[in-house]
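Descriptive structure summary
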Amino acid sequence: MHPFRMRGALCAIACFVLPSLGRAAGPLPQASGVAPDVDFPSVLSRASGVVARPGALVGAGADYAARFDTGGFTFVPALGAAAREAMPVSYVLEDIRRDGVTVLDAEPVAPVQQGKLVVYGHGQGIEERYEVRPEGVHQTFLFPERPAGEGDLVVRGRLTTRLQSKSQAVGARFEQEGVGGVSWGGVTGVDALGQSAPGSVRRSGDVLELVLPANFVDQATYPLLLDPLIGAIRTVADDGFDEGNPDIAYLREADVFLIVWERRFAHNHWGICAQLMDSEGQPSGDLILLTPDPGFSELVTDPPSVAAIRKSGRFLVVWPQNAPGDPEVLVAASVNPANGAVSPQLIVSPSADRQNMSDVGGNRQLATNHGIVVWHEVGQGIYARTLDVPAFGAPVPVAPTKVLRADTGSVHHFSPSISKTQGNHNRSLVAWERVQNLSTARIEARLVAPGASPSGPPVILSDGNLALNHLQPSVDGDGRNWLVAWAREENSGTWDVVARSVTDQGAGAQPVSPLRFLASAPNKNDMAPSVAWLGSSALVSYSHEDVTGWVARAVQVDPYTAWTCQPSDEAATAAGTVYRTSIVGRWSGGDSPSLDGGAFLSFKHLAQPTGDETIQGMWYFAQEGPSDLGGATASGGTHVAPCPVEGNQNFRPQLFGSVPGRPVLFAISPSPMELSCGPGTWFPRMNGALKFWGVTDADGHADVSLPIPPEAVGLSFYAQWATKVPGGACPRFGGFELSNGLRLTIDP
């Protein structure tokens with residue numbers, strides 16, 4: 001426990017000033033919900049894009065992937081678990097003819113990327129083009145001048161596919177019964193004046209012919225385009241597991257978010273997708289494929305994780321994967337937010353044992369490019385490794401792999417979660433499930449130093465009732481303090497989201513709050529929490545079951561006490577089912593606590609009754625925090641005061657990073673004084689202020705317990721800390737160092 005615990009009550013001020021001040025003028029800030037001027041949530045998985053891979057270009061849209069090799073194009077529909085294997089259709093241009101006369105005898109050429117357009121340049125200026133759209137690949141052939149010869153213009157390509165040819169009134173169709181397949185749209189010719197004419201699609205064996213009538217070809221104004229659309233067909237109801245498990249991170253300098261998720265092309269064919277979003281929460285740039293060949297060869301992935309590395313300005317993405325006959329290994333790559341370029345991959349820690357259930361923590365500071373990866377090694381325990389994420393090239397290990405918690409004969413450990421950043425103090429907290437005798441699970445946590453070495457012993461965070469399961473931990477913090485949330489099973493078989501505050505006590509992690517329920521009431525079936533540290537408060541999102549199904553909810557939490565600042569809110573979304581929310585605050589990417597209150601929430605959404613499956617994202621605005629007035633001196637520390645709301649009996653203003661072991665004063669008043677003192681400014685008015693004295697601990701930390709009564713709602717207060725230091729920057733009364741001042745408005 002900290003040596004300095006002060007207790008008071010705002011009632012002493014509130015009762016004095018209520019008759020004279022009344023309520024604060026103007027409307028109270030919006031408590032939570034969606035930004036009123038932005039249409040959220042955004043559908044992030046219905047985009048498209050092209051990325052370069054060794055030897056090929058790879059594209060993706062809403063429900064397909066495509067590969068462009070030298071000499072040929074392959075389209076892979078995302079058919080989901082119903083397809084036992086991937087069902088690609090490959091197309092190679094053979095020749096172009098008119099009435100049996102060869103206009104072009106195609107030779108293999110390499111594709112050239114022009115944004116979302118992939119171009120094969122052939123002889124006579126003829127171009128074979130593929131535009132990667134969300135709904136499909138738009139195939140066109142550009143003819144700069146009238147082709148020689150007479151008769152219909154016939155573009156002949158050879159197909160390779162295991163799908164069966166099906167009759168279709170317009171275009172061509174290749175399908176596996178009851179699963180889906182690929183549709184080749186009808187042919188249209190369009191000339192330079194915009195005149196158009198319908199063509200036809202013919203199939204003979206494995207040859208596909210795209211045909212334009214002779215009279216249009218002869219009379220057209222050139223250049224001329226021939227253009228079918230290639231798209232995926234889904235013929236079965238969605239099973240809810242083909243697109244999901246999103247994670248999200250933020251980078252301050254680029255002011256962008258990155259969401260990553262899984263996409264299932266077939267039973268054993270998975271891929272990892274990603275999408276950048278701008279500061280307004282709208283998709284930015286192309287859809288990104290991180291796995292080189294999704295759908296083209298068997299590859300099974302586990303959910304991906306992403307973190308921000310501020311110094312190098314890169315996102316670090318980690319996911320487990322395995323191909324047939326290979327062990328499941330952990331793979332890492334970085335993403336450039338400027339252009340979506342993906343680095344070469346790194347196998348994080350080669351092993352003969354299966355590696356899964358991974359997570360990654362980033363770095364909001366500018367000291368190093370380091371991020372920390374944690375994972376479960378099957379039969380071994382919880383492992384960690386630090387990676388360097390340079391601005392160019394693949395991530396690089398900078399330290400040996402460390403064991404955070406080894407399995408024993410009767411105790412196993414699963415599902416590690418690491419704080420999204422090392423915070424301001426170069427410490428991460430890792431929490432995981434501890435299962436004894438394959439029975440109930442508890443939540444355990446341990447501090448991790450920058451080199452991924454464990455710091456201090458593991459500690460149990462869950463309660464002592466061994467009849468209850470505790471699962472799905474999530475953690476975030478500032479490098480010295482953390483909030484850990486998880487799902488706790490009740491005796492009735494329902495689940496609740498609970499949380500505890502944890503701090504670094506020097507000798508290791510230590511819980512500093514009781515276990516608290518974050519939902520409105522117990523036994524409500526709340527699952528899969530995600531924690532976002534905002535700087536001076538935290539947000540927890542989770543999935544909640546009500547009469548309509550599973551929905552996304554979020555709640556603001558004081559991370560130092562685990563006390564909820566307000567009732568949880570439902571995230572705005574269309575009717576349907578929500579799986580696995582993930583939330584991140586801008587603070588973790590480098591923003592200051594003065595921007596407290598906003599976080600970005602992502603989740604998988606399964607629409608009803610259509611079964612349409614998307615990854616969605618939305619802003620969530622928490623209770624507006626105190627106004628930072630500045631005024632601090634060099635060693636005065638940082639003052640934060642989470643959750644200044646009605647009835648908060650656990651309201652606890654905090655001082656961090658001041659001078660250790662010194663007398664300290666906390667003062668709060670209903671009106672300001674703004675007294676200049678050296679380079680700092682003192683804001684509370686001493687006449688009529690509440691004042692508390694104490695001593696900072698070995699880390700320069702102090703706090704004060706100040707319960708908020710209902711009478712204080714709508715009032716504003718000015719609060720600040722002063723640490724007494726001989727020769728301090730503020731010379732009054734023998735010398736003080738000042739924290740930043742805060743203006744607190746008590747919200748309902």
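The next thing to look at is the overall build of the chain. The helix and strand tally for the chain stands at two helices and 64 strands. When each of the 748 residues of the chain is scored for burial, the buried share is 59%. In the chain, once contacts between residues fewer than 6 apart in sequence are set aside, the share between residues at least 24 apart is 61%. Looking at the chain as shown, the accessible area adds up to about 26600 Å², and 52% of this sits on carbon and sulfur atoms.

What follows deals with the packing of aromatic side chains. Scanning all chains against the criterion turns up 16 aromatic pairs. Ring centres 5.8 Å apart and planes at 90° place the aromatic pair Trp-533 and Tyr-560 in the edge-to-face group. Here Tyr-560 lies in the loop between β48 (549–558) and β49 (563–564) and Trp-533 lies in strand β46 (residues 526–533), a separation of 27 residues in the sequence. Each member of the pair, Trp-533 together with Tyr-560, is buried. In textbook terms, an aromatic cluster arises when at least three aromatic residues are bridged by ring pairs, as seen for Phe-68, Phe-73, Tyr-120 and Tyr-130. Looking at Arg-364, its charged tip hangs above the ring of Trp-587, at a distance of 3.9 Å from the centre.

Attention now goes to the state of the cysteines. Considering all chains together, one arrives at two disulfides under this definition. Sulfur-sulfur distance for the disulfide between Cys-565 and Cys-643 comes to 1.4 Å. Here Cys-565 is found in the loop between β49 and β50 (569–570), whereas its partner Cys-643 is found in the loop between β55 (638–640) and β56 (654–656), with 78 residues between them in sequence. Cys-643 gets classed as buried once you look at its relative accessible area, which sits at 3%. Here Cys-677 pairs with Cys-730 through a disulfide, and the sulfurs are 1.8 Å apart. Residues Cys-677 and Cys-730 are joined by a disulfide whose S-S torsion is about 85°; by sign, that bridge is right-handed. Taken together, the residues span a long stretch of sequence, with Cys-677 in strand β58 (residues 672–677) and Cys-730 in the loop between β62 (716–724) and β63 (736–738) at a distance of 53 residues.

Residue position: Gly-186 is located in the loop between β16 (180–184) and β17 (188–190). Along the chain, Gly-186 and Ala-172 lie 14 residues apart, while their C-alpha atoms are 7.6 Å from each other. Not counting the four nearest positions on each side in its chain, Gly-186 is found in contact with Val-170, Gly-171, Val-201, Asp-227 and Pro-228.

The next point concerns the environment of Met-87. Structurally, the position occupied by Met-87 is in the loop between β6 (72–77) and β7 (89–98). Given a relative accessible area of 9%, Met-87 falls into the buried group. Ignoring anything within four residues of it in the chain, the contact list for Met-87 reads Phe-75, Pro-77, Leu-79, Arg-162, Leu-163 and Gln-176.

In this section: the sheet that holds strand β25 (residues 269–277). In a beta sheet, neighbouring strands pair by backbone hydrogen bonds and run either parallel or antiparallel. Ordered in space as β23-β24-β25-β26, the four strands form an open sheet in which the pairing is antiparallel. Only two strands of the sheet have a single partner each, and these edge strands are β23 (243–251) and β26 (283–289). Pairs of neighbouring strands in the sheet enclose a mean axial angle of 20°, with direction left out of account. The sheet contact formed by β25 and β26 spans four bridges and is antiparallel. Bridged to Met-277 within β26 is Pro-283.

To continue, consider the pattern of salt bridges. Applying the stated criterion across every chain yields a total of 22 salt bridges. Here Arg-488 makes a salt bridge to Asp-463, at a shortest N to O gap of 2.8 Å. In this pair, Arg-488 sits in strand β42 (residues 481–489) while Asp-463 sits in the loop between β40 (454–460) and β41 (470–477), placing the two residues 25 residues apart along the sequence. Each of Glu-94, Asp-95, Arg-97, Arg-156, Arg-158, Arg-202, Asp-206 and Glu-209 takes part in a single network of salt bridges with overlapping partners.

Now for unusual backbone geometry. In this structure, Pro-223 follows Tyr-222 across a cis peptide bond, with omega equal to 10°. The topology assignment puts Pro-223 in the loop between α2 (214–219) and β21 (224–226). Its identity as a non-glycine residue notwithstanding, Ala-562 has a phi of 65°, on the positive side. Tracing the backbone through its elements, the reader meets Ala-562 in the loop between β48 and β49. A relative accessible area of 1% places Ala-562 in the buried class. One non-glycine residue, Glu-674, lies in the positive phi region at around 50°. Of note, Glu-674 is situated in strand β58. A relative accessible area of 54% places Glu-674 in the exposed class.

Let's shift gears to the sheet that holds β40. Strand order in the open sheet formed by four strands is β37-β38-β39-β40, with antiparallel pairing between adjacent strands. Each of the sheet's edge strands pairs with one partner strand only, and the pair in question is β37 (411–418) and β40. Adjacent strand axes in the sheet meet at a mean angle of 25° when their direction is disregarded. The pairing of strand β39 (residues 441–448) with β40 spans four bridges and is antiparallel.

Moving on: the confidence of the model for the chain. Of all residues in the chain, 89% have pLDDT values of 70 or greater, and the mean over the chain is 84. When the criterion is pLDDT under 50, residues 1–40 qualifies, and its contacts beyond four places in sequence or with other chains add up to 99 contacts.

Before going further, it helps to spend a moment on the pairing of strand β53 (residues 613–621). A large share of β53 lies buried, amounting to eight of its nine residues. One ladder, built from nine bridges, connects strand β52 (residues 598–607) with β53; its direction is antiparallel. Along β53, the bridge assignment pairs Ser-602 with Gly-617.

Successive side chains on a regular strand alternate, one facing one side of the sheet and the next facing the other. Side chains Glu-128, Tyr-130 and Val-132 project from strand β11 (residues 127–132) onto a buried face, and the interleaved Glu-127, Arg-129 and Glu-131 project onto a face without burial. With five bridges joining them, strand β10 (residues 117–121) and β11 adopt antiparallel strand pairing. Considered in β11, the bridge of Val-119 is made with Arg-129. The hairpin formed by β10 and β11 contains five residues between the paired strands, and Gln-124 there has a positive phi angle of roughly 65°. Taken together, the six bridges between β11 and strand β12 (residues 137–143) define a ladder with antiparallel strand orientation. Bridged to Glu-131 within β12 is His-138.

Cut-offs applied
The numbers attached to residues start from 1 for each chain and follow its sequence in the written order. Under the rules for a predicted model, residues below a pLDDT of 70 receive no local features and side-chain atom pairs below 80 are neither given nor counted, while totals for whole chains, interfaces and linings still include all residues. Hydrogen atoms and water are omitted, and side-chain values are computed over all heavy atoms in the structure. In this description a helix means any DSSP run of H or I spanning at least four residues, a strand means any run of E spanning at least two, and both kinds are numbered starting from the N terminus. Here's how the labels work: a residue is buried when its accessible area is under 20% of the maximum for its type, exposed when over 50%, partly exposed in between, all with a 1.4 Å probe on protein chains only. The contact rule is simple, with two residues in contact once any of their heavy atoms fall within 4.5 Å. Residue-level accessible areas treat just the shown protein chains as cover; the underlying method is Shrake-Rupley with a 1.4 Å probe. Only Phe, Tyr and Trp rings are paired, with Trp represented by its six-membered ring, and only when their centres lie within 6.5 Å; those with planes under 30 degrees apart are stacked, over 60 edge-to-face, the remainder tilted. Only when the NZ atom of a Lys or the CZ atom of an Arg is both within 6 Å of the ring centre and within 35 degrees of the ring normal do we say a charge sits over the ring. Note on terminology: disulfide denotes any pair of cysteine sulfur atoms within 2.5 Å. At least two bridges found by DSSP between two strands is the condition for calling them paired. As a rule, the C-alpha atoms of each element are fitted with a line to give its axis, helices using only the stretch in contact, and angles between N-to-C directions run from 0 to 180 degrees. Salt bridge, as used here, is a side-chain nitrogen of Lys or Arg placed within 4 Å of a carboxyl oxygen of Asp or Glu. You can read pLDDT as the predictor saying how much it trusts each residue, on a scale of 0 to 100.

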